[in-house]
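# Remarks on the overall topology
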Amino acid sequence: MRPFGQFARLAVLATLLGCGGTSPVAPPRPPPAPVVTAVEVAAPGRSLVPGDTLRLVATVKDQNGNPMTGRPVTWTSNSDPVATVSAAGLVTAVTQGQATISATAEGRTGSAVVTVDAPAAAIALDRAEAVVEVGTTLQLRAAVTDAQGNALQGRRVVWTSTSPEVASVSEAGLVSVRHGATSVVATVEGKADTAAIRVPVAPLALTLGAGAVTRTVGPAGDTLRTRAPDGTTYQLAIPPLALTKPVAITMTPITAASGLPLSGGLIGGVNLEPSGLVFVQSATLVIGTTRTAPAGQRPVGLSYRGTGDELTMAAAGAGTGTVTLPVPHFSGALAGFGTTQDIESLYFATRPPPRSGAFYAAELLMASTDVPRDVAFERQILDDWWNEVVMPAITGVTTDLQLIEARGSRNDWERTGELAGTFALVSGGVNTVLGPRRGEWDREFVRQAKRAVEANLTLCRTPGLLSGRITGLDNALFWYRLATFGHPEEANAEGVTLSWIRGLLCAAVVTDLVALPDPLLTGTNTLDVHYRLRFAPDNVTTPADFRVTPSVTGATHALPGATAASPQGFYTGTLVPNAGGNAVTILLTACYTQGETAFALGTVNELCGDQFIARGSGGGFNVDYQGALSMGSAPCNRQFRETVTRFVNVSDTSVCGAGGWSRTGSYTLAGTLSKARLETAMAKSGPPQNFHPGATVSARVADRITINAPGQTGNIGSFRGQIEVRAIMELDGGVCNPVSSQGRIIPSASVTMEGSVGDGTPFQQMFPNTRIAISGCGGPSANPWAATTTVFSTDMVFRYGVPFTLALQHAASSAVTQTGNFISGSGSASVRYEYRWLGMLGLPAGATVSSATGFDWSTAALP
């Protein structure tokens, strides 16, 4: 019910209106002004991480709940260390925690809580690399962790492919591969991880053509040549000492290579057998071709194993009409024209294990495709390769195979740097890149080669299978030759010298049979000699290949300078005595050659034996004296060789100078049957010179001896031969430290005693050659040594009543050389050795000794 007063008012109003009267109307009251009664801030829909930003929006409402505009809002954070907020409401996450962000308008406040999570410290993919077949997919997964290693969930990972044309990747990490190789990168909050994705390279399908060539190659090295049916030529140059033993090598041209991953196709290649052969030093394949590179392409080398699998990239050098490839191992090598993209795909598809030589080679070949070339980067690859692979390989050697691999590693480093063109870009070339480290490697190699020589000679001296003992001997000679041929200064510094290895040898050159008429016929006489190797200590023998050097007096002859290839160890020739002559002497020096009739490195004389033969009325005595001065150039050199009957007294001096330096060398030799004095001297002065002047002198005494004793004819006997050696050395101007930059004096001497019987019995060689070296080097002062006297002896076997040859060989040498930077300008060495025969010990009572010269070898020579 409405109140009465209200009805009364209405009635009065109605009356007035009904009567036609008028009355004023009051204006309507204005609505109340809007007032800010609330501020609302929308809560963020996600957590933040440090560095994230988020704009918050504040909604201002009036008393009726309607949004209001234009009202100023003030933003604040209750924890600026966690999150800050700008005047416009932009929140910036600072560190892990929670912060309340407030918006205030006209005294009213609204807020929202912002959570800042721990930052991502790392992201790790579930694999570092993967091989994916064409047309298939691969799901990659990423694990995100904080600094404490705790897993972080819900982080947004961005996926990319470095080569989208090779493989694409979805926002969820699903990889789809089309061809070649790429890298997939997963990134979160500035952290990234990478997976290498590649499509495997299918084995090549090779077609071999006509023109196969087979050649047996040994330590001397050789060159194989052939021509393919299309006119492409091939030359495989195998350097000396690339092989430790003779190997039959077959090279066959490749006429087609289906599946070759190079856009420009095949240039040429060869298949090489036996598969798996590894060179100590890389061979070099030169392909002669008329093909030219298409625009934007270059020659790319490849090597493979088996029948076309395990492809790896190789450096390829391009010349006029030629492509050059290194060949470190078999089965084959080929080259084709390829684009930069081809090289990149091959790099990923054939990528070798990290920190391997093949890995760094591929890295360098990839870097060489950059335009312009980054020389500093390429040099860094070479430095890393050297430090991570080359030096550790040589310092860690414990076997012959590892030494072969270490040598190959060093060689691959140099060949790849050369063929990739990196060395040509660096000022000074390889010497700038390597610097003093080259000498470090050389010294370590010689030390390892010395160890290999000693280990193999120990194997050679161990009774067992003869084939194993021969292998030990061959390996020892191989490493000695490689050390002294490739690194002569380091070999000298480490004592790897001829006298050193002769003192260790496990075998001797012996004579099985000497067939020559006695006395000689007036016409042509046939000489037959059978040579063998005898291995101590059990004196087993085997035929072998030798190079024989004949020296004949009193006859014309047709004696070859080498043994016949078959039968092994057999030597034959003819000689005709001079008219009116009464004596013919023959000295045959046979040196073991490891199956080589000629050796590319020069004279092979580590393992030699002399066979002395005398015929006619002149008796069987011969003294062969030799001397030489070697002072760096032909006009300065001197040498002599003199054959006499009882004594000699010769000397020579040479002085040579040019360009402000001078060299003086001399030798003196005075000798009789049972004693000799040998003296050499060498001096050098002036500015530093990289040469090794030296003087040497040697004497060889040989006599035909027969020992008899009552009731012993035909039986085997023995005696101990002794030689006294008195040494006096005078040095000046050098020290022995191999790493110093001073001059170095190298005196040395050797003694050899040997004997042989020529009647075809099993006892022709009296004992394996015994060689004793005396060597040393001195400090900077003169006369660092007093005279020293040493007695050397060895047991010799003979047969009673059967003539045999007794030979004594003496040698002495002095040399002046420099090491380091060659800053020493002078030095001199004088070496004198006096040898004296001390007789035969151990002969039974009643034994008599006779000789062709009439000298009694059973007694000692006077001092």
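Structural data are supplied above this passage.
Every residue gets a number counted from 1 within its own chain, in the order that chain's sequence is written. Confidence filtering applies because this is a predicted model: local features only for residues at pLDDT of at least 70, side-chain atom pairs given and counted only at 80 or more, and all residues used for totals across whole chains, interfaces and linings. Hydrogen atoms and water are omitted, and side-chain values are computed over all heavy atoms in the structure.

### Considerations on the overall build of the protein
A run of DSSP states H or I qualifies as a helix once it reaches four residues; a run of E qualifies as a strand once it reaches two. Both are numbered from the N-terminal end. Looking only at helices and strands, one finds eleven helices and 51 strands in the protein. Burial classes follow relative accessibility: with a 1.4 Å probe on protein chains only, a residue under 20% of its type's maximum area counts as buried, one over 50% as exposed, and anything between as partly exposed. Expressed as a percentage of its 863 residues, the buried residues of the protein come to 47%. A sequence separation of at least 24 residues applies to 68% of the contacts in the protein between residues at least 6 apart. In the form shown here, the protein has an accessible surface area of approximately 38000 Å², with 54% of it arising from carbon and sulfur atoms. Note on definitions: a residue-residue contact is assigned when non-hydrogen atoms from the two residues lie within 4.5 Å. Accessibility throughout is a Shrake-Rupley quantity obtained with a 1.4 Å probe, and a residue counts as covered only by protein chains that appear here.

### Things to note about the environment of Ile238
Assignment of secondary structure puts Ile238 in strand β22 (residues 233-238). Given the relative accessible area of 4%, Ile238 is considered buried. Sequence separation between Ile238 and Leu224 is 14 residues, and the spatial gap between their C-alpha atoms is 8.2 Å.

### Things to note about the side chain of Asp400
Relative to the assigned elements, Asp400 resides in helix α5 (residues 400-419). One buried charged residue, Asp400, forms no salt bridge at all, with the nearest opposite charge on Arg451 at 4.4 Å. Ignoring any residue separated from it by four or fewer positions in sequence, one finds Asp400 in contact with Arg451, Ala452, Asn456, Asn475 and Trp479. Counted charges follow a simple rule, with Lys and Arg positive, Asp and Glu negative, and His plus the chain ends left uncounted. The salt bridge definition used is simple: a Lys or Arg side-chain nitrogen within 4 Å of an Asp or Glu carboxyl oxygen.

### With respect to the sheet that holds strand β1 (residues 38-41)
Being paired, for any two strands, means DSSP has found at least two bridges between them. The strand order β1-β3-β4 describes an open sheet built from three strands, whose pairing is antiparallel. Two strands lie at the open edges of the sheet, namely β1 and β4 (67-68), each paired on one side alone.

### What about the packing of α5 against helix α8 (residues 437-461)?
A pair of packed helices is characterised by two quantities: the angle between their axes and the separation of those axes. Two elements in contact, α5 and α8, have axes separated by 10 Å at closest approach and are oriented at 155°. With respect to α8, the element α5 is oriented roughly antiparallel. By crossing handedness, the relation of α5 to α8 is classed as left-handed. Of α8, the residues touching α5 (which contributes Asp400, Leu403, Ala406, Arg407, Arg410 and Glu414) are Arg438, Trp441, Asp442, Phe445, Gln448, Ala449, Arg451, Ala452 and Asn456. Classification used: nonpolar for Ala, Val, Leu, Ile, Met, Phe, Trp, Tyr, Cys and Pro, charged for Asp, Glu, Lys and Arg, polar for all others including Gly. Considered class by class, the residues forming the contact of α5 with α8 number six nonpolar, two polar and seven charged. Each axis is a line fitted through C-alpha atoms, taken for helices only over the stretch in contact, and angles between the N-to-C directions span 0 to 180 degrees. We call two directions roughly parallel when the angle between them is under 35 degrees, roughly antiparallel when it is over 145, roughly perpendicular when it lies between 65 and 115, and oblique otherwise. For any pair of crossing helices, the crossing counts as left-handed if the nearer helix is rotated counterclockwise from the farther one by less than a right angle, and right-handed if it is rotated clockwise.

### What about the packing of aromatic side chains?
A pair of aromatic rings is counted whenever rings of Phe, Tyr or Trp (Trp by its six-membered ring) have centres within 6.5 Å, and the orientation is called stacked for planes under 30 degrees apart, edge-to-face for over 60 and tilted otherwise. Applying the stated criterion to the full structure yields twelve aromatic pairs. Ring geometry for Phe798 and Tyr800: centres 4.8 Å apart, planes at 75°, overall edge-to-face. By the burial criterion, Phe798 is buried, and Tyr800 matches it. Taking 5.6 Å as the distance between ring centres and 80° as the angle between the ring planes, the aromatic pair formed by Trp837 and Trp857 counts as edge-to-face. With a gap of 20 residues between them, Trp837 in strand β50 (residues 827-841) and Trp857 in the segment after β51 (848-851) connect regions that are remote in the sequence. Trp857 carries the same exposure label as Trp837, and that label is buried.

Everything listed is a geometric property; what it means functionally is a separate question.
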